[in-house]
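These are the residues of each chain, in order.
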Protein chains: 2
Amino acid sequence: MADGPTINTIAERAGVSIASVSRVLNGLPTRQETVRKVMAAADELGYVRNAVARSLKSRRTHQVAFAMADVGNPAYLAMLREIQPVLKAAGYRLVLHSTDAVVADEIDVLHSLGERYVDGLIMSPLRVTEAHLQMLATARAPVVIIGSVPEGTRVDNVRADSRTGVRLAIDHLYALGRRRIAMINGPLDTVPGAARGAAYREALGDLGLPYDENLVQIGDFYRPEGARAVAALLDRVPDVDALMCANDLIALGALDVLRAAGKRVPEDVAVVGMDDTDLAAASWPSLTSVSLGSAERGKAAAELLLERLRGVDGEPRVVTVPPRLSVRASTAGPGYDTAGPGHDREEGGR
Amino acid sequence: MADGPTINTIAERAGVSIASVSRVLNGLPTRQETVRKVMAAADELGYVRNAVARSLKSRRTHQVAFAMADVGNPAYLAMLREIQPVLKAAGYRLVLHSTDAVVADEIDVLHSLGERYVDGLIMSPLRVTEAHLQMLATARAPVVIIGSVPEGTRVDNVRADSRTGVRLAIDHLYALGRRRIAMINGPLDTVPGAARGAAYREALGDLGLPYDENLVQIGDFYRPEGARAVAALLDRVPDVDALMCANDLIALGALDVLRAAGKRVPEDVAVVGMDDTDLAAASWPSLTSVSLGSAERGKAAAELLLERLRGVDGEPRVVTVPPRLSVRASTAGPGYDTAGPGHDREEGGR
């Protein structure tokens, strides 16, 4: 056998690992400095120069884009925190798009895949329109959607399950003996507002509790509007004993109003939020909240995309991340007061 | 005069604005679709095709990188929230790096500018080392540093002023009649720990208050360690009447411990945090906190970089963002309790 250059001798000459040489020769994402060292060593040793040259000329950008609706929203930031390290560990740079939930901006991002500035895309649209579906059908790079897509859409997809999430919260309140459970919701013409409102009604029905319109108050997904909605509800139903709030900011507004009205939380009124943001553990009393697994969804999406980038073919996959209920003092009482972030007790989804 | 094609006739034919045609012809960042329309119209009209071709072949990437220490840290996220829209409005994509505050990673990012995958870089290092300075001296693209750099460093630079920030807080506590003001700090071998500790000592001195080592407690920058540090301090100095905490998480730990010890906030002990994160307004009592202007620093850095990308030459610039004190219930009392985010009263820096 010829004792010509091998991956081993190149690795030795370049002062890098065998794995690194292999990555360079196979055109996988590798630090530019390593590529240079390996090229130089391969050159000196007269090794299969063409393969190296090919890998350098490949159309790979070693970039992946993440398009989210709002760079200021804690739920998307929780996704970002998980996506970033997974991509970095695999040698990809992250390009960040904030679309302000404008459909035209999201379509633009999908269209721009034709420019081949990234190898793949993770997108979390507020809703998926017909225009999205058309662009997805002809996308020039692998795409993973975080959020619900219509049945039969041919795209990798990571979903939350807010219906089961609301169910966990209502069941928890029921188990604590609460029977006048109100819903403080955001606008019903938004995807989360509609889904959370329907889930509340369904959960009550399954427990044999009547649906009472007096117990439903619509405001907006922010703290001051949440406070106003709770004040209106308290005027109408003074003996309400639990509040299911459609997000954590509404729940913080609820705590403000209950405190001002002299109501004890949770003795008089138990309060549950949704999204389980950092604010939930920081409030007082600390806030029981439904986690829809933003972090887990981000991680799952990054891993699905990496598999596609490694060449895994096959049918589109759907991953559903189960919700969890983080139980804290606003329902379970002062015994939970000192639980800081990372010290919360959780009840699993089902 | 020849009535050949002009910017006006191209714009009309392409169905885009004159400004868009100008941007394409000058090689400025423009949406790819607009570039295509303008090219097609210019082709049809036989206009200066070379200029268009040149602009398309230019080395511009229309990407800018932001390298931050930790994608999970609220202070950096506040910068990101401001940087992203400024760059987007100017037609740049954002590439996000998280360096975990590892110097080698930061050097890598600076080195990688040689690959020309971005037109410029905004970096927020935890500290600037000799290695940083060497890389900055030969950087292949404009760089803006958020953070302190050594005197004479030739780089655009946006700074906070934590010394004045601590001063604002101590003066506020003094004005409220507090005289036994303790400092709950993070490790002194970190840049923020050292700076905030020194600023505390200096502020006391200027007010004629003695520096008492018994009033200083060192823990770490997280809530459980903050709580432990405050518990130790309360054991030693039961009549302490104010706590200057080196960040908001420490201050949340302080509120936990004071509540458990039966101390009223602010009647018995006033509490101030630093960084003015979203957690400060969410806590109860809501937390007075020193803002070091993370959002403003991000915005200023993006604007400085855009000027360089537009070709502005000249000496490196230093922008110092003044701190502010966001006064809430933990020092000012229950009158401030209902102030939500965006409803806080602020005292200006000086």
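Residues numbered from 1 in each chain as written. Chains lettered and ligands numbered in written order. Predicted model: local features only at pLDDT ≥ 70, side-chain atom pairs only at ≥ 80, totals over all residues. Heavy atoms only, no water.

- The name given to chain A in an unreviewed UniProt entry is LacI family transcriptional regulator, with Nonomuraea rubra as the source organism.

1. Considering the environment of S22(B)
Residues and elements named next belong to chain B.
- Here S22 is to be found in helix α2 (residues 18–25).
- Judged by its relative accessible area of 26%, S22 is partly exposed.
- Placed eleven residues apart in sequence, S22 and A11 show a C-alpha to C-alpha distance of 9.1 Å. (Helix = DSSP H or I, 4+ residues; strand = E, 2+ residues; numbered from the N terminus. Buried < 20%, exposed > 50% of the residue type's maximum accessible area, 1.4 Å probe, protein only.)

2. A look at the relation of the copies chain B and chain A
- For the match of chain B to chain A, the screw axis carries a shift of 0.0 Å, the RMSD comes to 0.1 Å, and the turn is 180°. Such a combination of rotation and displacement between the chain copies is what one expects of a two-fold axis.
- Looking at chain B, 100% of its interface residues are interface residues in chain A too, so the copies touch through the same face. (Least-squares fit on C-alpha atoms with pLDDT ≥ 70 in both. Contact = heavy atoms within 4.5 Å.)

3. Overview of helix α1 (residues 7–14) of chain A
All names here are of chain A.
- For α1, the set of buried residues is I10, A11 and A14. Buried residues in α1, looked at end-on, bunch into an arc of 100°, giving them a common side.
- As for α1, its buried residues are in contact with α2 (18–25) and α3 (32–45).
- Backbone geometry just downstream of α1 places G15 in the positive-phi region, at approximately 70°. (Arc of directions from axis to C-beta.)

4. Some points on the sheet that holds strand β2 (residues 93–98) of chain A
- Read across the open sheet, the twelve strands follow the order β11(A)-β5(A)-β4(A)-β3(A)-β1(A)-β2(A)-β2(B)-β1(B)-β3(B)-β4(B)-β5(B)-β11(B); overall the sheet is mixed. Taken across any chain shown, the strands that pair with only one partner, and hence form the sheet edges, are β11 (318–320) of chain A together with β11 (318–320) of chain B. Within this sheet the neighbouring strands show an average axis-to-axis angle of 20°, counted without direction.
- Across three bridges, the pairing between strand β5 (residues 156–159) of chain A and β11(A) is parallel. Considered in β11(A), the bridge of R159(A) is made with T320(A).
- Seen against the sheet, helix α6 (residues 103–111) of chain A touches β1 (63–68), β2, β3 (120–124) and β4 (143–146) of chain A and runs at an angle of roughly 165° to β3(A). (Pairing = 2+ DSSP bridges. Axes fitted to C-alpha atoms, helices over the stretch in contact; angles between N-to-C directions.)

5. Structural notes on the interface of chain B and chain A
- Listed per partner, the contact involves 39 residues of chain B and 39 residues of chain A.
- A combined buried area of about 3500 Å² lies between chain B and chain A, and 54% of that area is made up of carbon and sulfur atoms.
- Per-residue buried area on chain B facing chain A is highest for R93(B), R223(B) and W284(B); these three make up 17% of the total on that side.
- For the pair chain B and chain A, the number of links is six salt bridges.
- Among the salt bridges present, the one from R93(A) reaches E115(B), with a minimum N-O distance of 2.8 Å.
- Inspection of the chain B/chain A interface yields eleven residue pairs in polar contact (both at pLDDT 80 or more).
- Those elements giving two or more residues to the side of chain B that touches chain A turn out to be α3 (32–45), α5 (74–89), β2 (93–98), α6 (103–111), α10 (223–236), α11 (248–260) and α12 (278–282) of chain B.
- Looking at the side of chain B that touches chain A, the element that brings in the most residues is β2(B), giving six residues. (Buried area = accessible area lost by both parts, 1.4 Å probe. Salt bridge = Lys/Arg side-chain N within 4 Å of Asp/Glu carboxyl O. Polar contact = N/O pair within 3.5 Å; in protein donor to acceptor, adjacent residues only side chain to side chain.)

6. Focus: the packing of α6(A) against helix α7 (residues 130–137) of chain A
Residues and elements named next belong to chain A.
- At their nearest, the axes of α6 and α7 sit 10 Å apart, and the two run at 5° to each other. Between α6 and α7, the angle falls in the class roughly parallel. Residues V103, E106, I107, L110 and H111 of α6 form the contact with α7, whose own contacting residues are A131, H132, M135 and L136.
- Partitioned by chemical class, the residues of the contact of α6 with α7 number six nonpolar, two polar and one charged. (Parallel < 35°, antiparallel > 145°, perpendicular 65-115°, else oblique. Nonpolar A, V, L, I, M, F, W, Y, C, P; charged D, E, K, R; others polar.)

7. Examining the packing of aromatic side chains
Residue and element names in this part refer to chain A.
- Tallying each qualifying case throughout the model produces three aromatic pairs over all chains.
- Ring plane angle 65° and centroid distance 6.2 Å describe the contact between Y200 and Y211, whose orientation is recorded as edge-to-face. You can see Y200 sitting in helix α9 (residues 191–206) and its partner Y211 sitting in the loop between α9 and β7 (216–218), a full eleven residues away along the chain.
- Overall, the relative accessible area of 1% leaves Y200 in the buried class. (Phe/Tyr/Trp six-rings, centres within 6.5 Å; stacked < 30°, edge-to-face > 60°.)

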